[in-house]
Amino acid sequence: RDFFERTETLALKAELSAVGSKRALDAQNSDSMQEYLSSMLATCESSWPLQRVYLEHFAMVFEKKDPEKKIKEAFEAKGGYVHIVSFLKQAPKNFDSQWPAALTCVQVFAKLSPVLWGAIHCAVKVAQDKKLQSMTIGVEKGMAARAQ
């Protein structure tokens, strides 16, 4: 099972990061978003490593590529945030600072939506990783400072 899961995880990571991939979030539009989300949920729903790959992809797209407003709106309107929250609720205790994209996810989710911020904040608390909790507090203080 571990070998299969690692292979599947690497394949999904390669597919999502490939230039021109039709499975990439930023390749979607309002017409394709529902099918895209259904496909991603079916692919990732039972495996934290696959969910983590998708969370990394999502954060990278919203941090670096800054998709068009219509992609953001379609993602939210079609229930994309619900899937992200669901993945974060299933995050195991090994959701920790050893995951290279953890801080990026915390920062991006905090900027995008109070719903995503709440979900990742809860996942960090459950994980009880002191370093990641410290990072989360730093992001929270930064958000508070920007709001003033």
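Here goes a summary of the coordinates provided. (Residues numbered from 1 in each chain as written. Predicted model: local features only at pLDDT ≥ 70, side-chain atom pairs only at ≥ 80, totals over all residues. Heavy atoms only, no water.)

Counted as a void, the largest pocket has a volume near 160 Å³. Glu5, Arg6, Thr9, Leu10, Lys13, Pro49, Arg52, Val53 and Glu56 are the residues that line the largest pocket. Elements with a contribution of two residues or more to the lining of the largest pocket: helix H1 (2–17) and helix H3 (48–65). In terms of residue class, the lining of the largest pocket is built from three nonpolar, one polar and five charged. (1 Å grid on protein atoms, 1.4 Å probe; cavity = no way out; pocket = protein on both sides within 12 Å on 5 of 7 lines; lining within 4 Å. Points joined across faces, edges and corners; volume = space filled by probe spheres on them. Helix = DSSP H or I, 4+ residues; strand = E, 2+ residues; numbered from the N terminus. Nonpolar A, V, L, I, M, F, W, Y, C, P; charged D, E, K, R; others polar.)

Once that is clear, we can look at the environment of Lys93. Secondary-structure assignment places Lys93 in the loop between helix H5 (80–89) and helix H6 (102–112). For Lys93, a relative accessible area of 54% puts it in the exposed group. Between the alpha carbons of Lys93 and Ala123 there is a distance of 8.4 Å; along the sequence they are 30 residues apart. Once you skip the residues sitting within four places of it in the chain, Lys93 turns out to touch Val126, Ala127 and Gln128. (Buried < 20%, exposed > 50% of the residue type's maximum accessible area, 1.4 Å probe, protein only. Contact = heavy atoms within 4.5 Å.)

Turning our attention to the pattern of salt bridges. Under the criterion given, the structure shown has two salt bridges. The salt bridge involving Glu56 is made with Lys13; its shortest N-O contact spans 3.4 Å. Of the two residues, Glu56 is situated in helix H3 and Lys13 in helix H1; the sequence distance between them amounts to 43 residues. With a relative accessible area of 18%, Glu56 lands in the buried category. (Salt bridge = Lys/Arg side-chain N within 4 Å of Asp/Glu carboxyl O.)

What follows concerns the packing of H5 against helix H7 (residues 114–127). Axis separation between H5 and H7 bottoms out at 9 Å; the angle between their running directions is 10°. One finds that H5 runs roughly parallel with respect to H7. On H7, the residues that touch Tyr81, Ile84, Val85 and Leu88 of H5 are Val115, Leu116, Ala119, Ile120 and Ala123. The class makeup of the residues in the contact of H5 with H7 is nine nonpolar, no polar and no charged. (Axes fitted to C-alpha atoms, helices over the stretch in contact; angles between N-to-C directions. Parallel < 35°, antiparallel > 145°, perpendicular 65-115°, else oblique.)

Bringing the packing of aromatic side chains into the picture now. The full count for this structure, using the stated rule, is eight aromatic pairs. Where Phe58 meets Phe62, the ring centres are 4.6 Å apart and the plane angle is 40°; that geometry is what we call tilted. Of the two residues, Phe58 and Phe62 are both situated in helix H3; the distance of four residues between them amounts to about one turn of the helix. Phe62 shares its class with Phe58; the two are buried. Aromatic rings pair up to connect Phe58, Phe62, Phe75, Tyr81 and Phe109 into one cluster. (Phe/Tyr/Trp six-rings, centres within 6.5 Å; stacked < 30°, edge-to-face > 60°.)

Scope: geometric values only; no functional claims are made or implied.
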